[in-house]
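# Remarks on the overall topology
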Amino acid sequence: MSEERPVVTVGPPAHGGHCVARLDGRVVFVRHAIEGEEVVLDVTDRRSRFWRADAVEILTPAAERVPSVWPEAGPGGVGGGELAHVALPAQRSWKARVLADTLRRIGGEEVAADVAAVRPEGVDVEALPGDDDGLATRTRIELTVDRSGQAGMHRFRSHDVLALAAMPLAAEGITGLGLLGPGSPWRSTWAPGARVQAVAPSAGDPLVLVDGEPAARRRTGPPRRSVRERVGTSLGELTYRVGGAGFWQVHRAAPATLVDAVLAAAAPRAGERVLELYAGAGLLTLPLALAVGPAGGVLTVEGAADAVRDARRNLHDQRWATLHHGPVDPAAVAAGAGADVVVLDPPRTGAGPGVMAAVAALGADRVVHVACDPAALARDLRAARDHGYVPTAVRAFDLFPHTHHFEVVVTLRRP
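Residues numbered from 1 in each chain as written. Predicted model: local features only at pLDDT ≥ 70, side-chain atom pairs only at ≥ 80, totals over all residues. Heavy atoms only, no water.

### Examining helix α4 (residues 254-266)
Convention followed: Every helix listed is a DSSP run of H or I at least four residues long, and every strand listed is a run of E at least two residues long, numbered separately from the N terminus. Here a helix's expected span is defined as the number of its residues, less one, multiplied by 1.5 Å. For every residue, the accessible area (1.4 Å probe, protein chains only) is compared with the maximum for its type, and the residue is labelled buried under 20%, exposed over 50%, or partly exposed between those bounds. Here, two residues are considered to be in contact whenever any of their heavy atoms come within 4.5 Å of each other.
Over its 13 residues, α4 runs 18 Å from end to end, which matches the ideal 18 Å to within 8%, given 1.5 Å per residue. Turning to α4, its buried residues number three or more, namely A254, P255, T257, L258, V259, A261, V262, L263, A265 and A266. In this structure, the buried residues of α4 make contact with β14 (226-233), α5 (285-292), β19 (341-344), β20 (366-371), β21 (390-397) and β22 (407-413). Two residues or fewer past α4, A267 is found with a positive phi of approximately 45°.

Shown next as structure tokens:
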């Protein structure tokens, strides 16, 4: 193999779950490798000036390499487990390096210096409580049915569906359903091409949706389209209703971790006014409303109608919370004039310069940015800095073990 395919020494990690290498002077993004390893490459994409490749043979393995916890996500396999070959502590160090590099490279030296001023030792990516091996953490998965009728996932950067024999990242409530394999009892409920979603909530039985509709091997009652979630927080246990197909943090410990991190970052006080952008089903809205109490107020903006409907149920008793359905844009932000605190949890694309400028124009005492993409965060921090807001606290959390994803919570204030 090594005589037919190129051999390279792998360079540092980069955002996206790959490492950077050079082949005859060309930059190659290499998956399934670790910095310092000498590997044999299978070049999978030559369509741009940056090539992509899989490391298909490891000639000199790094000390951090371990047997993959999910071989089906290895070279030529499905996406979603690109760091499964890296020891878990090394995964978190990898992500911390990517965060620092991305903030500097995309946000600029000033943004990197702002973060370094509050975290001079660097921003560690923190493990979630009880997460010893990163397995069985995901309470929500999505599958696609292949042509033979088996459930699987798409091959990385491909429309091809690969049937799966196992998904070790899924919570036990999902793996116990028996969705995978040629003998799955669920095969009669779907057809090739179907989209299958499985949810293992913190309260109640798992839920399976096929093309958005409830599916059951044996019908025992009316079909369920939503689940209950219980979240233990510093304010006590909170209960939510969430649509089965709706957005909810997938790691079993993520909801509680994020609620407490955001409460600590925002420090909402009784009687204050909070503007929350990209509010979803109200995971953060409910504790924020409880913190400010009836003498305060919370205004939220969310673009997904289903999420707003869920949030209205979850905030039914908090009459001082006003939930708005609509796009998060400068006009919607301006409706939050007078806010003491702004909390925003944008999608992977980030809030963008227009929204960040509008947030800054409110002049809130504290702005809390919850980011799931370091590149988008870097751009948003750059925009915030342009309008006078700089980080005063930064924390990062490993919400997605064995993948390159992680979450960052940043508190911004004007000096």
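### Focus on the pairing of strand β8 (residues 140-145)
Put simply, the test is: Pairs of strands are assigned from DSSP output, requiring at least two bridges between the strands.
When you tally the buried positions in β8, you get 5 out of 6 residues, the bulk of the element. Here β8 pairs with strand β11 (residues 195-199) via 5 bridges, running antiparallel. Bridging across to β11, E142 finds its partner in Q197. Across 2 bridges, β8 lies against strand β9 (residues 151-154) in antiparallel orientation. If you follow V145 over to β9, its bridge partner there is A151.

### With respect to the sheet that holds strand β7 (residues 125-126)
What counts, and what does not: Here the axes come from fitting lines to C-alpha atoms, over the contacting stretch only for helices, and the angles between their N-to-C directions go from 0 to 180 degrees.
In spatial order, the strands read β7-β21-β22-β20-β19-β16-β17-β18; together these 8 strands make up an open sheet with mixed pairing. For this open sheet the edge positions go to β7 and β18 (321-325), each flanked by a neighbour on one side alone. Two elements, β20 and β22, share 5 bridges in a ladder whose sense is antiparallel. Across the sheet, residue H369 finds its bridge partner in β22, namely V410. In the packing of α4 onto the sheet, the strands contacted are β19, β20, β21 and β22, and the crossing angle to β20 comes to about 155°. Along the sheet, helix α9 (residues 374-386) contacts β20, β21 and β22; its crossing angle with β22, the most-contacted strand, is approximately 0°.

### Looking at the packing of helix α1 (residues 88-107) against α9
To keep things clear, this is the line we draw: Put simply, angles under 35 degrees are roughly parallel, angles over 145 are roughly antiparallel, angles from 65 to 115 are roughly perpendicular, and the rest are oblique. Here is the rule for handedness: rotate from the far helix to the near one, and if that takes an anticlockwise turn smaller than a right angle the crossing is left-handed, while a clockwise turn gives right-handed. In this classification, Asp, Glu, Lys and Arg are treated as charged, Ala, Val, Leu, Ile, Met, Phe, Trp, Tyr, Cys and Pro as nonpolar, and every other residue, Gly included, as polar.
The N-to-C vectors of α1 and α9 enclose an angle of 45°; their axes lie 8 Å apart at closest approach. Regarding the angle of α1 to α9, the classification is oblique. Once α1 is placed against α9, the crossing between them reads as right-handed. Side by side, α1 and α9 meet where V98, L99, T102, L103, I106 and G107 of the first sit next to P374, A375, L377, A378, R379, L381 and R382 of the second. Across the contact of α1 with α9, the residue classes break down as 9 nonpolar, 2 polar and 2 charged.

### Regarding unusual backbone geometry
Here the phi dihedral of A136 falls at roughly 55°; this positive angle occurs in a residue that is not glycine. For A136, the position within the fold is in the loop between β7 and β8. You will see that D211, though not glycine, has its phi angle at about 50°, which is positive. Among the structural elements, D211 can be located in the loop between β12 (207-210) and β13 (213-215).

### Quick notes on the environment of P255
Turning to its location among the elements, P255 is positioned in helix α4. By relative accessible area, which is 5% here, P255 ends up buried. Every residue in contact with P255, bar those within four places of it in the chain, is listed here: V231, W248, Q249 and L283.

### Regarding the pattern of salt bridges
Note the threshold: Salt bridges are defined as contacts in which a side-chain nitrogen from Lys or Arg sits within 4 Å of a carboxyl oxygen from Asp or Glu.
This model, assessed by the stated rule, comprises 26 salt bridges. When the shortest N-O distance is used, the salt bridge between E237 and R230 registers 3.9 Å. Classification of E237 as exposed rests on a relative accessible area of 56%. Using a relative accessible area of 48% as the deciding quantity, one classes R230 as partly exposed. For R366, the salt bridge identified is with E272, shortest N-O distance 2.6 Å. Highlighted residues: R366 in strand β20 and E272 in the loop between α4 and β16 (273-277), separated in sequence by 94 residues. This pair shows no difference in class: R366 is buried, exactly as E272 is.

### Some details on the environment of R46
Relative to the helices and strands, R46 resides in the loop between β5 (38-45) and β6 (51-60). Counting along the chain gives 18 residues from R46 to V28, while the straight-line C-alpha distance between them is 9.3 Å.

### Topic: the environment of A62
Mapped onto the elements, A62 comes out in the loop between β6 and α1. Counting along the chain gives 213 residues from A62 to L275, while the straight-line C-alpha distance between them is 47 Å. The residues touching A62, leaving out its near neighbours within four places in the chain, are I34, E35 and E37.

### Observations regarding the pairing of β20
In plain terms, the rule: Look down the strands so they point away from you; if going from the first strand over the helix to the second traces a clockwise path, that crossover is right-handed.
Along β20, 6 of the 6 residues are buried, which leaves the element largely enclosed by surrounding structure. Residues R366, V368 and V370 line one face of β20 and the alternating positions V367, H369 and A371 line the opposite face, and both faces are buried. Judged from the 4 bridges that link them, β19 and β20 form a sheet pairing that is parallel. Among the inter-strand pairings, L344 is bridged to a residue of β20, identified as H369. Taking the sense of rotation as the criterion, the β-α-β connection linking β19, helix α8 (residues 353-362) and β20 turns out right-handed.

### Structural notes on the packing of aromatic side chains
As a reminder, the rule being used: Think of it this way: a Phe, Tyr or Trp ring, Trp meaning its six-membered ring, pairs with another when their centres are within 6.5 Å, and the plane angle makes it stacked under 30 degrees, edge-to-face over 60, tilted otherwise. Two thresholds decide whether a charge sits over a ring: the Lys NZ or Arg CZ must be within 6 Å of the ring centre and within 35 degrees of the ring normal.
Inspection of every chain in the model, using the stated rule, returns 2 aromatic pairs. Plain terms: the ring middles of F29 and F50 are 5.7 Å apart, the flat faces sit at 45° to each other, and that makes the pair tilted. With F29 in strand β4 (residues 26-31) and F50 in the loop between β5 and β6, the pair connects residues that are 21 residues apart, well separated along the chain. Of the residues examined, F29 reaches a relative accessible area of 19% and is grouped as buried. Judged by relative accessible area, F50 falls into the partly exposed class, the value being 31%. Above the face of the F156 ring, R31 is positioned so that its terminal group lies 3.5 Å from the ring centre. Taking NZ or CZ as reference, R46 lies 5.0 Å from the ring centre of W51, over its face.

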